[in-house]
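# Survey of secondary and tertiary structure
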Amino acid sequence: MKSIRLKYCSENGCTFKFVNRLNVMEFMIREDMNSTLVEIYLKTGHRISLSSQLESSSDLTKRWLRFETSEEIFFDLAEFEVQ
């Protein structure tokens, strides 16, 4: 089962959460002022917003397309900060 890995951090430390790919309605990538922004819209109506300056939008798009068409199980977004 394909999943997206997210990292949530607070003053108490960090935890990882996984979003099942089947629950994703839309996955949007865009670039804004030297940051790559990701919006994940879930079928439940929830939205998850993330950002990072470590990966370009074009590199992330290539990685996402490879994930979608391959046998890879996890798409790692742990380096992206959840907004």
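Located above this text is the structure these notes cover.
Read on for a plain summary of the structure. All values derive from a computational prediction rather than experimental measurement. (Residues numbered from 1 in each chain as written. Predicted model: local features only at pLDDT ≥ 70, side-chain atom pairs only at ≥ 80, totals over all residues. Heavy atoms only, no water.)

### Thoughts on the sheet that holds strand β5 (residues 47-52)
- With antiparallel pairing, four strands are arranged side by side in an open sheet as β3-β4-β5-β7. The open sheet has two free edges, formed respectively by β3 (24-32) and β7 (81-82), since each of these has just one partner strand.
- Those strands touched by helix α1 (residues 57-69) are β3 and β4 (35-42), and its axis lies near 155° from that of β3. (Pairing = 2+ DSSP bridges. Helix = DSSP H or I, 4+ residues; strand = E, 2+ residues; numbered from the N terminus. Contact = heavy atoms within 4.5 Å. Axes fitted to C-alpha atoms, helices over the stretch in contact; angles between N-to-C directions.)

### With respect to the pattern of salt bridges
- Following the criterion strictly, the structure yields five salt bridges and no others.
- Arg-47 is the partner of Glu-39 in a salt bridge, and the nearest nitrogen-oxygen pair spans 3.1 Å.
- With a relative accessible area of 13%, Glu-39 lands in the buried category.
- Here Glu-55 and Arg-63 are joined by a salt bridge, their closest N and O atoms 3.0 Å apart. (Salt bridge = Lys/Arg side-chain N within 4 Å of Asp/Glu carboxyl O. Buried < 20%, exposed > 50% of the residue type's maximum accessible area, 1.4 Å probe, protein only.)

### Focus on the state of the cysteines
- Under the defined criterion, the tally for this structure stands at one disulfide.
- Note on cysteine connectivity: Cys-9 is disulfide-linked to Cys-14, with sulfurs 2.0 Å apart. Because the torsion about its S-S bond is 105°, the bridge between Cys-9 and Cys-14 counts as right-handed. (Disulfide = S-S within 2.5 Å.)

The values are spatial; any link to function lies outside them.
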